[in-house]
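The primary structure of each chain is shown beneath.
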Amino acid sequence: MQVSHRIVLHFPPTATDQPVIFRLSRDYGLVFNILRASITPEEEGLMVLELSGEDSDYQRAIGYLSEMGVRIQPLVQDIRKNDEKCVDCGACVGVCPTEALVLERPSMRVIFDPEECVVCGECVPTCPVAAMELRF
Amino acid sequence: MAKTLEEINEKIRTGKVVVVTAEEMVDVVAQKGAKGAAEAIDVVTTGTFGPMCSSGVMMNLGHSSPRMKIGGGQVKLNRVPGYAGLAAVDIYLGATALPDEDPRNAVFPGEFRYGGGHVIEDLVARRRVLLEAESYGTDCYPRRELATWLTLDELNEAYIFNPRNGYQNYNIAVNLSQKTIYTYMGTLRARLGSANYCSAGQLSPLMNDPHYHTIGVGTRIFLGGGVGYVVWQGTQHSPTAPRNEKGIPTGGAGTLAVLGDLKQMSERWLRGASFRGYGATLIVGLGIPIPVLDEQTAAETGVSDADILAPVVDYSGAYPERKPDVIKHVSYAELKSGVIEVNGKFVPATPLSSYPRAKEIAETLKSWIAGGGFELTAPVAALPQADSGLKVRPMADHPPQAPGNER
């Protein structure tokens, strides 16, 4: 059965030099999409990853990641646009890296597609009327 | 055959007026020509809904018991300082005022989540607001401190008085530096990563009366959801700004000072706003009806987004350094396509001013006029026109410590 999951990976300093993501693809046959990657000041690696493939391969891959000391969490944060507060100014569209927020033309209304959102959070402080809400 | 304002107002009273929005007028003029449009259309409505920092509310609080001379003292509303330099209980609250305890940009970029504009929104939404005041006490006004919750309807006068609204055109902000910058034109990505614009374009009031023939002191308008008036030119009004061959300014030009009763307004059209790294302000809904008195007015209200050019300005360098450099001009039609070309690069273009809300204002004003409840006024005094030679100037620069400037 084909599955697709968005997960948040925390890499300890010992794992940051391992080609872990490459192995998920080559050894476990999974399609990966890196949605976000950073190294925190404490030198922990953080990655938001979308992994797709056969469920059995996915489960084995999760096992591999755990053995490598990688902490895994499902991506449970999400962003919501409060349509009562939104005034369709467009400020958020300019900062969204994945086009989850776009302007519909010719109406120029702001449309939010949660499927495209990677919860980077930039729209939250950018929205002048606090219409973008970060929820856990 | 020119019409008079009185003829148009008579048609409003008898329900025969033909009114369209400035967006609809683009097509009317394109199809019928200016002459045909002037015959067919009586009024064109315009609208804009964007951040307008030179905005605020003038209030009379009513006297406390015992009386207090707040004028000359200090006043805060929900911790946001107001201006107390007038009579005892007359105060002004501006849109960009911030609480003393707001960290501003101490941790950069600051969020500016609550300021004067937010207090104004709270007031018009009929939420209660905390008034705190301190002053020095006099024989006739002995009280020295005061704190009370109050709501808009408990005030005497509360009128929105905005010294600068409705900018006729504006810059397009880009960032040529290597780092993201945070400005009143929004967050701008490095290396020409963003182009932000702030105008209702073809719906914008002064864009539809570019030479200020019908809009002047005393023009009745839609303001904040209620009825207001143009009372003066706005600050920085610059009628001599460069214009194209059709007379349309190619950058910021005219501005309006407007006034209206806050108690008639609504929070749908007055919203507190926060600009990351920059400050707090008020988003104001403004709409102005234009009587189509002649062919020239018809032609001017037929202006479309493709006809209006705006200047691309670098907000990382030229703008903060007050250099006049303009990279190029692009039209609002190009901007609204979502991408413009600058220095060989395709730059995403996004607005800050809400076009859907501007359209809703123009439609609302249209329905007020068509319904017979709103008549147009002729200006009692004209705004300074291009022939006045008026041009906005920079600040005087005479630092006290410079040689020759000593006391």
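Quick notes on the rules
Residues numbered from 1 in each chain as written. Chains lettered and ligands numbered in written order. Predicted model: local features only at pLDDT ≥ 70, side-chain atom pairs only at ≥ 80, totals over all residues. Helix = DSSP H or I, 4+ residues; strand = E, 2+ residues; numbered from the N terminus. Buried ≥ 20, exposed ≤ 12 C-beta atoms within 10 Å, placed from the backbone. Contact = placed C-beta atoms within 7 Å. Expected span 1.5 Å × (residues − 1). Pairing = 2+ DSSP bridges. Axes fitted to C-alpha atoms, helices over the stretch in contact; angles between N-to-C directions. Core = buried A, V, L, I, M, F, W, Y, C linked by C-beta atoms within 7 Å. Domains from an automatic or database assignment. Nonpolar A, V, L, I, M, F, W, Y, C, P; charged D, E, K, R; others polar. Arc of directions from axis to C-beta.

Comments concerning the overall build of chain A
- Scanning chain A from N- to C-terminus turns up three helices and eight strands.
- The order of α-helices and β-strands along chain A, N terminus first, is β-α-β-β-α-β-β-β-β-α-β.
- Within chain A, buried positions represent 28% of all 136 residues.
- Considering only contacts within chain A whose residues lie at least 6 apart along the sequence, 63% involve residues at least 24 apart.

Re helix α6 (residues 355-370) of chain B
Residue and element names in this part refer to chain B.
- With 16 residues, α6 should cover 22 Å at 1.5 Å per step; its first-to-last C-alpha distance of 22 Å lies within 8% of that length.
- For α6, the complete set of buried residues consists of Y355, R357, A358, K359, I361, A362, L365, K366 and I369.
- Where α6 ends, the next residue or the one after it, G372, has phi of about 85 degrees, a positive value.

As for the sheet that holds strand β8 (residues 129-134) of chain B
Residue and element names in this part refer to chain B.
- Taken in spatial order, the four strands of this open sheet run β6-β5-β8-β9, and their pairing is antiparallel. Of all the strands in the sheet, the pair left with one neighbour each is β6 (80-81) and β9 (145-150).
- Against the sheet, helix α3 (residues 116-124) touches β5 (74-77), β6 and β8, its axis set at about 125 degrees to β8.

Quick notes on the nonpolar core
- A:C92, B:M25, B:V43, B:I120, B:I172 and B:V174 are the most contacted members of the largest nonpolar core, which totals 127 residues.
- Examining the composition of this core, we find that seven residues originate from one element, helix α2 (residues 22-40) of chain B, more than from any other.
- Not counting chain neighbours up to four residues away, the residues in contact with B:V174 comprise B:L188, B:L192, B:S194, B:A195, B:V312, B:D314, B:Y315, B:V342 and B:V347.
- If you look at the next biggest cluster of nonpolar residues, it comprises 12 residues, including A:L24, A:Y28, A:V48 and A:L65.

Some remarks on the domain arrangement of chain A
- Structurally, chain A comprises domain 1 (2-74) and domain 2 (78-135).
- Computed from C-alpha atoms alone, the centre-to-centre distance between domain 1 of chain A and domain 2 of chain A is 28 Å.

Examining the interface of chain B and chain A
- Taken together, the contact pairs 24 residues of chain B with 16 residues of chain A.
- Taken together, the elements giving at least two residues each to the side of chain B that touches chain A come down to β3 (48-51), β13 (186-188), β19 (270-275), β25 (345-351) and α6 of chain B.
- The class makeup of the residues in the side of chain B that touches chain A is 10 nonpolar, nine polar and five charged.

Quick look at the environment of B:D209
Residues and elements named next belong to chain B.
- With respect to the helices and strands, the residue D209 is situated in the loop between β14 (195-197) and β15 (216-217).
- Note on D209: 24 C-beta atoms within 10 Å, which makes it buried.
- Placed 41 residues apart in sequence, D209 and Q168 show a C-alpha to C-alpha distance of 9.5 Å.
- Leave out the neighbours within four places in its chain, and D209 touches T214, I215, I290 and E300.

Structural notes on the sheet that holds strand β2 (residues 31-39) of chain A
Residue and element names in this part refer to chain A.
- Read from one edge to the other, the open sheet built from four strands follows the order β2-β3-β1-β4, with strand pairing classed as antiparallel. Lying at the two open borders of the sheet, with one neighbouring strand each, are β2 and β4 (71-74). For this sheet the average axis-to-axis angle between neighbouring strands, irrespective of direction, equals 25 degrees.

Notes on unusual backbone geometry
Residue and element names in this part refer to chain B.
- Between S65 and P66 the backbone carries a cis peptide bond, its omega angle lying at -5 degrees.
- Along the chain, P66 falls in the loop between β4 (56-60) and β5.
- In this model, F108 is joined to P109 through a cis peptide bond whose omega is -5 degrees.
- Relative to the elements of secondary structure, P109 occurs in the loop between β7 (90-94) and α3.
- For F112, which is not a glycine, the phi torsion comes out positive at approximately 55 degrees.
- Counting through the fold element by element, F112 comes out in the loop between β7 and α3.
- For R126, which is not glycine, the phi dihedral falls at a positive 65 degrees.
- Secondary-structure assignment places R126 in the loop between α3 and β8.

A word on helix α1 (residues 5-13) of chain B
All names here are of chain B.
- All of the buried residues in α1 are I8, N9 and I12. Buried residues of α1, viewed axially, fall in a sector of 100 degrees; they line one side. Looking at α1, the residues exposed on the side facing more than 90 degrees away from the buried face are E6 and R13.
- For α1, the elements touching its buried residues are β2 (43-45), β21 (289-291) and α6.
- Two residues or fewer after α1 comes G15, characterised by a positive phi angle close to 75 degrees.

Considerations on the environment of B:G260
Residues and elements named next belong to chain B.
- On the secondary structure map, G260 appears in strand β18 (residues 256-261).
- Between the alpha carbons of G260 and V230 there is a distance of 9.0 Å; along the sequence they are 30 residues apart.
- Excluding residues that lie within four positions of it along the chain, G260 makes contacts with Y159, I160, L223, G224, G226, V227, G228, Y229 and M265.

As for the pairing of strand β6 (residues 101-104) of chain A
Residue and element names in this part refer to chain A.
- Judged by which residues are buried, β6 turns out to be one-sided: L101 and L103 face inward and are buried, whereas V102 and E104, on the alternate face, are not.
- One ladder, built from four bridges, connects β6 with strand β7 (residues 109-112); its direction is antiparallel. In the strand pairing of β7, L103 is matched with V110.

Re the environment of B:K328
Residue and element names in this part refer to chain B.
- Topologically, K328 is positioned in strand β23 (residues 328-331).
- Assessed through the 12 C-beta atoms surrounding it within 10 Å, K328 is described here as exposed.
- Through-space distance from the C-alpha of K328 to that of V89 is 50 Å; in sequence the pair is 239 residues apart.
- Non-local contacts of K328, meaning those with residues more than four positions away in its chain, are made with V312 and V342.

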